[in-house]
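# Observations on chain architecture
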Amino acid sequence: MTEALLIPCPTCNGLNRIPAERLGDRPKCGRCKADVLLDKPFELNQGDYASQIKGDLPLLVDVWADWCGPCKSFAPVFEQAAAQLAGKCRLAKLDSEANQQLAAQLGIRSIPSLILFRNGKEVARQSGAFPLPQLMAWLRSQGI
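This section reports on the structure supplied with the text.

Reading guide: rules and limits
- Just so you know, the residues in each chain are numbered from 1, in the order the chain's sequence is written.
- Selection of residues for local features in this predicted model requires a pLDDT of at least 70, selection of side-chain atom pairs for listing and counting requires 80 or more, and totals for whole chains, interfaces and linings are taken over all residues.
- The side-chain figures draw on all heavy atoms in the structure; neither hydrogens nor water molecules are used.
- Salt bridges are defined as contacts in which a side-chain nitrogen from Lys or Arg sits within 4 Å of a carboxyl oxygen from Asp or Glu.
- Points on a 1 Å grid over protein atoms alone make up a cavity when a 1.4 Å probe fits among them but cannot get out, and a pocket when they form an open set with protein on both sides within 12 Å along at least five of seven lines; lining residues each have an atom within 4 Å of a point.
- Grid points are joined across faces, edges and corners, and a volume is the space filled by probe spheres set on the points.
- Gly is placed with the polar residues, together with every amino acid not listed as nonpolar (Ala, Val, Leu, Ile, Met, Phe, Trp, Tyr, Cys and Pro) or charged (Asp, Glu, Lys and Arg).

Two side chains carrying opposite charge are able to pair once their charged atoms lie near each other. Under the defined criterion, the tally for this structure stands at 6 salt bridges. When the shortest N-O distance is used, the salt bridge between Lys72 and Asp66 registers 3.9 Å. A cluster of three or more residues bridged by salt bridges with shared partners is formed by Arg26, Lys28 and Asp35.

Given below as structure tokens:
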């Protein structure tokens, strides 16, 4: 019997049970039929947060703001990481201006900030913008 992973849909927040060997097959949500695993970051907000941090695949959240120069320069790096990590880690972007209550709840003091969640809990945090090799090295050090 193969291991099945619980993964929240980035579109409707529905939990999907997906066999591990099928992660590369572009699985669809059982509820809304959208792709469950994306090769680009998805938008995270206050209403989606509690659902999206659940699940068996880690979630890396980039906390950013539109007025932040380093955030804008880091965005393409985060997009590249999402393409490389599809099926291993989900990547999401949280606009700290549009979601001020959630940013405060998460204790965001500087942006950009990266927060890594596993099974509903924060396991690592990193502040600042850095190049793709450094981001990937940090994620490898976190077991991804």
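Taken as a whole and judged by the stated rule, the model has 1 cavity of 30 Å³ or more. Volume-wise, the largest cavity comes out at about 50 Å³. Considering the residues around the largest cavity, the lining is formed by Pro10, Val36, Leu38, Lys40, Phe42, Ala82, Cys89, Arg90 and Leu91. Tallied by class, residues from the lining of the largest cavity come to 7 nonpolar, no polar and 2 charged.

Coordinates in, geometry out; function isn't part of it.
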